[in-house]
Amino acid sequence: MEKSVSNKSAQRTVKSSQGSINKWALPVLTQLADGKFHSGEALASHFGVTRATIFNAIKALQALGLDVFAITGKGYRLPHAMQLLNLADTLQHMGEHQGRFHLQVLDAVDSTNRYLMQASTQGVAHATCAVAHIQTQGRGRRGRDWVSRLGASLTFSVLWRFNLGAAALTGLSLAVGLALARAMRNLGVPQVQLKWPNDLVVVQAGVLHKLGGILIELQGDMEGPSAAVIGVGINLNLAGDIVDKIDQAVTDLTRLRGQPMNPNQVLAEVLVALAQVLNEFERNGFAALKAEWSAVHALHEAPVTLLMPDAKQIKGRVLDVAEDGQLIVETAEGVQKFSAGEISLRRAA
Ligand code: BTN
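Residues numbered from 1 in each chain as written. Predicted model: local features only at pLDDT ≥ 70, side-chain atom pairs only at ≥ 80, totals over all residues. Heavy atoms only, no water.

Observations regarding the nonpolar core
Part 1: Counting 76 residues, the largest nonpolar core has Phe156, Met184, Trp196, Ile234, Val266, Leu271 and Leu306 as the members making the most contacts within it.
Part 2: Examining the composition of this core, we find that 12 residues originate from one element, helix α9 (residues 263–284), more than from any other.
Part 3: Leave out the neighbours within four places in its chain, and Met184 touches Val189, Pro190, Val192, Leu200, Leu211, Ile234, Leu253, Val266 and Val270.
Part 4: Within the second largest apolar cluster, 23 residues are counted, among which are Leu32, Val49, Ala57 and Leu84. (Core = buried A, V, L, I, M, F, W, Y, C linked by side-chain atoms within 4.5 Å. Buried < 20%, exposed > 50% of the residue type's maximum accessible area, 1.4 Å probe, protein only. Helix = DSSP H or I, 4+ residues; strand = E, 2+ residues; numbered from the N terminus. Contact = heavy atoms within 4.5 Å.)

In structure tokens form, the structure reads like this:
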């Protein structure tokens, strides 16, 4: 879990820090999403703009990594139909649970975490979820970037306000991971496991492939109340050169399910599971979720190497996780506990 020690980044203006894209790119994409041909003329007349405006929007979509074909005499089309993020569809998939979140669908933003960290200081409501079609500067754990692309990944953050102080939130990031694992099971991807502290992984031929990650940033006092911005990135369909930009083994939901998944259904399922787990966590802490968590830990009882923030490596064997979310490892120096912070965990060779 990352803590906000200063509000400097949250004070940047929305205008300068939000990602910006051609304003017609997403409306045009909404038309092209059926995978059929649309002529420049028909699109221009649909939106009441010039064909040059449509041409520029298409160029912007191509620059965002989408394959938009242009065939003379026929128009523009995507290689296949595409399901886009859509507020109404997400709410419909949430069914009776839809009142649990205030959902915002953003066209483009630098980082949904940064966006909600800032909004939080301006009084945005508890249980606000911001999901972005495009995230231009996604933040990962340990100061890394989170690589995502329009249509390739689901990127969203949730602001959750706690009466508990920040000190009581150790274990929160593991609890959130468990919510994701439950959601994946409900979505028909039961092979998804967790890697401490909170990576979503699938083990293929003994190798851990990352499906998603969680970045939690905290605001507030150690004594309380506090707020957490829970950022989640899930790979939906990492086609093309995007995989080359990621420096670890990855997988995505399309590959795991053998067919594309509706991002609105994935988001809905994750939010419902998240609300349930966060309520359990607030009542009983991580202790009540620990056994279920260990059962889906890909490195439970496995030989591991811990990469410490000072680049030191510690070898050992995972014994368990503690009730506060620390990892319990048997090392050459005896049984030791590690808290998530900036540590990275690898399976030992
Ligand atoms: C990790 O390093 O595994 C955590 C990745 C978290 C990425 C998500 S994408 C949505 C949210 N906004 C961000 O800037 N980061 C998180």
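Observations regarding unusual backbone geometry
Part 1: Put simply, Trp196 and Pro197 share a cis peptide bond, and its omega is 0 degrees.
Part 2: Structurally, the position occupied by Pro197 is in the loop between β9 (193–195) and β10 (199–204).
Part 3: Unlike most non-glycine residues, Arg142 shows phi in positive territory, near 55 degrees.
Part 4: Mapped onto the elements, Arg142 comes out in the loop between β6 (138–139) and β7 (145–146).

Examining the site of the ligand
Part 1: Looking at the ligand, there are 20 residues lining it, with Ser111, Gln135, Arg139, Arg141 and Lys210 nearest.
Part 2: Here Asn113 contributes a backbone N or O atom positioned 3.5 Å from a nitrogen atom of the ligand.
Part 3: Using a 2 Å cut-off from the grid points, one finds that the ligand occupies the largest pocket.
Part 4: Of all elements in the fold, only α6 (112–121), β6, β8 (153–162), β11 (207–220) and β12 (226–235) reach the threshold of two or more residues within the shell around the ligand.
Part 5: The dominant element in the shell around the ligand, judged by the number of residues it contributes, is β11, at four residues.
Part 6: Considering only residue class, the shell around the ligand consists of five nonpolar, 11 polar and four charged. (Near = heavy atom within 4 Å. Polar contact = N/O pair within 3.5 Å; in protein donor to acceptor, adjacent residues only side chain to side chain. 1 Å grid on protein atoms, 1.4 Å probe; cavity = no way out; pocket = protein on both sides within 12 Å on 5 of 7 lines; lining within 4 Å. Sits in = over half its atoms within 2 Å of the grid points. Nonpolar A, V, L, I, M, F, W, Y, C, P; charged D, E, K, R; others polar.)

Here we look at helix α4 (residues 51–63)
Part 1: The terminal C-alpha atoms of α4 lie 18 Å apart, and with 13 residues this matches the ideal 18 Å at 1.5 Å per residue to within 8%.
Part 2: Buried residues along α4 sit in contact with α2 (25–32), α3 (40–47) and β3 (75–77). (Expected span 1.5 Å × (residues − 1).)

Overview of the pattern of salt bridges
Part 1: As enumerated under the stated definition, the model contains 10 salt bridges in all.
Part 2: A salt bridge links Arg114 to Asp110, with the nearest nitrogen and oxygen atoms 2.7 Å apart. The burial state of Arg114 is the same as that of Asp110; both residues are buried.
Part 3: Between Lys290 and Asp320 there is a salt bridge, with its nearest N and O atoms 2.9 Å apart. Of the two residues, Lys290 is situated in helix α10 (residues 290–295) and Asp320 in strand β14 (residues 313–321); the sequence distance between them amounts to 30 residues.
Part 4: Classification of Lys290 as buried rests on a relative accessible area of 18%.
Part 5: Counted as one network, the salt bridges with shared partners bring together Arg182, Arg185, Glu280 and Glu292. (Salt bridge = Lys/Arg side-chain N within 4 Å of Asp/Glu carboxyl O.)

Overview of the sheet that holds strand β15 (residues 327–331)
Part 1: Spatially, β16-β15-β14-β13-β17 is the arrangement adopted by the five strands of the open sheet, whose pairing is antiparallel. At either margin of the open sheet sits one strand with a lone partner, and together these are β16 (334–338) and β17 (344–347). Within this sheet the neighbouring strands show an average axis-to-axis angle of 45 degrees, counted without direction.
Part 2: Both strand β13 (residues 303–307) and β17 contribute to a ladder of four bridges, which runs antiparallel. Bridged to Thr305 within β17 is Arg346. (Pairing = 2+ DSSP bridges. Axes fitted to C-alpha atoms, helices over the stretch in contact; angles between N-to-C directions.)

Focus on the packing of aromatic side chains
Part 1: Within the structure shown, the criterion is met by three aromatic pairs.
Part 2: Measuring from ring centre to ring centre gives 5.5 Å for Trp24 and Phe47, while their planes differ by 55 degrees; the resulting arrangement is tilted. Here Trp24, found in the loop between α1 (14–17) and α2, pairs with Phe47, found in helix α3; they are 23 residues apart in sequence, far enough to count as distant.
Part 3: What makes Trp24 partly exposed here is its relative accessible area of 22%.
Part 4: For Phe47, a relative accessible area of 21% translates into the label partly exposed.
Part 5: Judged by centre distance (6.3 Å) and plane angle (80 degrees), the rings of Phe162 and Phe281 are edge-to-face. (Phe/Tyr/Trp six-rings, centres within 6.5 Å; stacked < 30°, edge-to-face > 60°.)

Quick look at the pairing of strand β4 (residues 102–109)
Part 1: In the sheet, β4 pairs with strand β5 (residues 128–135) via seven bridges, with the strands oriented parallel. Along β5, the bridge assignment pairs His102 with Thr128.
Part 2: In this fold, the crossover linking β4 to β5 by way of α6 has right-handed handedness. (Right-handed = clockwise from strand over helix to strand, strands pointing away.)

A look at a nonpolar patch on the surface
Part 1: Together, Phe37, Phe69 and Ile71 give the surface a local cluster of nonpolar side chains, amounting to about 250 Å² of exposed area.
Part 2: Turning to its location among the elements, Ile71 is positioned in strand β2 (residues 69–71). (Patch = residues over 30% accessible without salt bridge, like charges linked within 9 Å, V, L, I, M, F, W, Y side chains within 5 Å. Areas by Shrake-Rupley, 256 points an atom, 1.4 Å probe, with all protein chains shown as cover.)

Considering the confidence of the model for the protein
Part 1: Residue-level pLDDT values for the protein average 90, and 95% of them are 70 or greater.
Part 2: Counting contacts from residues 2–18, a segment whose pLDDT is below 50, to residues more than four positions away or on other chains yields 31 contacts. (pLDDT = per-residue confidence, 0-100.)

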